[in-house]
Amino acid sequence: MLIFITGGVRSGKSSFAEMSAVYHCRQGNHLHYVATCDQGEAEMAERISRHREDREKSGYSWKTWEQPRNLHDLCAAFEKEDVVLLDCLTNLVSNELFAGWRDNSSQWEEAGFRKVVFQKIMNGIKKLENQCRVLIIVSNEVFQGFPANDSGTFYFMQMMGHLHQHIVRQAHWVYQVELGMPILRKGYDADGNQCTACTV
Amino acid sequence: MHFVTGGAFHGKAKWVMKTYSASRNMEGWFNLYEAECPETDQFETSLVVLEGMEQLVKKVVQENKKGTREVLQKKLQSWLEWESDVRGRRLVLIGTDIGKGIVPMEEENRRWRDVSGWFFQDTAMAAERVNIVWYGLEQTIK
């Protein structure tokens, strides 16, 4: 099962995602947390430790994986009945798309490279989803502002938009979190029929 | 008139193509990123799609220091008249919402953003049907 959760920064999407993961995890199965940010950045270190403390306080035991890129490498780590929370897609995309920027490489300018990155991420998600019982993906809303005027930002937004569209299509449940409250965008009614924002 | 809006890269045009069995290459589909907004006498098909409303706003803002909202309201009026002139005509407007980010630094961009917001309100008011597309999922708000 694939669950997709998006929201703005500080919207409470991570907390909701963690709650969902705990809800879906059955006794005897494992909870996995896949962190995607590059540990190297000092700014992120504090947020990482805060999120980690929150998870410890929750009373459930999480296994944390640091995976800033190459999602598919993780597949072997999970068992069929496990619940996996990926937080968040935004960092993964930025790490994959801008890989090598420190060496002045700007591969993201090439359509061919962007296509490869897109496929790589979608394949990684598919593999993870097949490998566990529930995969929860958390992502950010980064599209509601003014058009980007530098190519890096433009291609990043384009890639995020296309990924979100694809993931929403494949996901069983989709939530948008606003002010800590989840809004159901896609899911199932009591009879098990698929419904979207216009019908729920 | 049918107004379709939402954030950038949310699949708005894709949704319109699916809903109207239309294609970007068809006659009557105008991409305002590539060409100027045509006048209604250039509409030759019963289904006309104008993609990139925010580009029309940008141009109007660049060309007019004042009265931008009124210029755009006249446009709306002409579109409504075109539609009601002949039964079965349908105009679909696609506009990217650019109003939910940080305030732009440049004065002209702030005006572009403001006028887009007002114009989109006027458009929604005039339209018979309004949809917001969110990553391919539609929400009917009118």
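Residues numbered from 1 in each chain as written. Chains lettered and ligands numbered in written order. Predicted model: local features only at pLDDT ≥ 70, side-chain atom pairs only at ≥ 80, totals over all residues. Heavy atoms only, no water.

For chain A, the name recorded in an unreviewed UniProt entry is Adenosylcobinamide kinase, with Fictibacillus fluitans as its organism. Turning to chain A, the UniProt record has this under Function (unreviewed entry): "Catalyzes ATP-dependent phosphorylation of adenosylcobinamide and addition of GMP to adenosylcobinamide phosphate." Database annotation for chain A, UniProt heading Sequence similarities (unreviewed entry): "Belongs to the CobU/CobP family." (UniProt positions renumbered as here; feature names shortened; annotations may be inferred.)

Draft legend 1. Quick look at the sheet that holds strand S6 (residues 137–140) of chain B. Residue and element names in this part refer to chain B. Spatial ordering of the open sheet is given by S2-S3-S4-S1-S5-S6, a layout of six strands whose pairing is mixed. The open sheet has two free edges, formed respectively by strand S2 (29–31) and S6, since each of these has just one partner strand. Here the strands of the sheet are splayed against their neighbours by 20° on average, with no regard to which way each runs. On top of the sheet, helix H1 (residues 12–20) reaches strand S1 (2–6), S2, strand S3 (47–51), strand S4 (90–96), strand S5 (129–134) and S6; it is set at about 160° to S4, its chief contact. Contacts between helix H4 (residues 107–126) and the sheet are confined to S1, S4 and S5, with S1 contributing the most and set at about 140° to the helix. (Pairing = 2+ DSSP bridges. Helix = DSSP H or I, 4+ residues; strand = E, 2+ residues; numbered from the N terminus. Axes fitted to C-alpha atoms, helices over the stretch in contact; angles between N-to-C directions. Contact = heavy atoms within 4.5 Å.)

Draft legend 2. Main features of the packing of aromatic side chains. Applying the stated criterion to the full structure yields 14 aromatic pairs over all chains. Their ring planes at 70° and their centres at 4.9 Å tell us that Phe 16 of chain A and Tyr 175 of chain A sit as a pair that is edge-to-face. Taken together, the residues span a long stretch of sequence, with Phe 16 of chain A in helix H1 (residues 13–24) and Tyr 175 of chain A in strand S6 (residues 173–178) at a distance of 159 residues. One exposure class covers both Phe 16 of chain A and Tyr 175 of chain A, and it is buried. Measuring from ring centre to ring centre gives 6.3 Å for Phe 119 of chain B and Phe 120 of chain B, while their planes differ by 50°; the resulting arrangement is tilted. On the accessibility criterion, Phe 119 of chain B (1% relative accessible area) is buried. Using a relative accessible area of 11% as the deciding quantity, one classes Phe 120 of chain B as buried. What links up through ring pairs into an aromatic cluster is the set Phe 98, Trp 108 and Phe 156 of chain A. (Phe/Tyr/Trp six-rings, centres within 6.5 Å; stacked < 30°, edge-to-face > 60°. Buried < 20%, exposed > 50% of the residue type's maximum accessible area, 1.4 Å probe, protein only.)

Draft legend 3. Layout of the nonpolar core. Leu 89, Ile 125, Ile 137, Leu 163 and Ile 167 of chain A are the most contacted members of the largest nonpolar core, which has 41 residues in total. Among the elements that take part in this core, helix H5 (residues 151–170) of chain A stands out by supplying eight residues, more than any other. With sequence-adjacent residues up to four places away left out, Leu 89 of chain A is seen in contact with Ile 121, Ile 125, Ile 137, Val 138, Ser 139, Met 160, Leu 163, His 164 and Ile 167 of chain A. The next biggest cluster of nonpolar side chains, apart from the first, holds 27 residues, and it includes Phe 146 of chain A together with Leu 32, Val 60 and Val 61 of chain B. (Core = buried A, V, L, I, M, F, W, Y, C linked by side-chain atoms within 4.5 Å.)

Draft legend 4. Molecular detail of the packing of helix H2 (residues 53–63) of chain B against helix H3 (residues 68–85) of chain B. Residues and elements named next belong to chain B. Between H2 and H3, whose axes approach to 9 Å, the crossing angle comes to 135°. Compared by their axis directions, H2 and H3 come out oblique. In this structure, H2 crosses over H3, and the sense of that crossing is right-handed. Along its contact with H2, which presents Met 53, Leu 56, Val 57, Val 60 and Val 61, the element H3 presents Thr 68, Val 71, Leu 72, Lys 75 and Trp 79. (Parallel < 35°, antiparallel > 145°, perpendicular 65-115°, else oblique. Left-handed = near helix turned anticlockwise from the far one by under 90°.)

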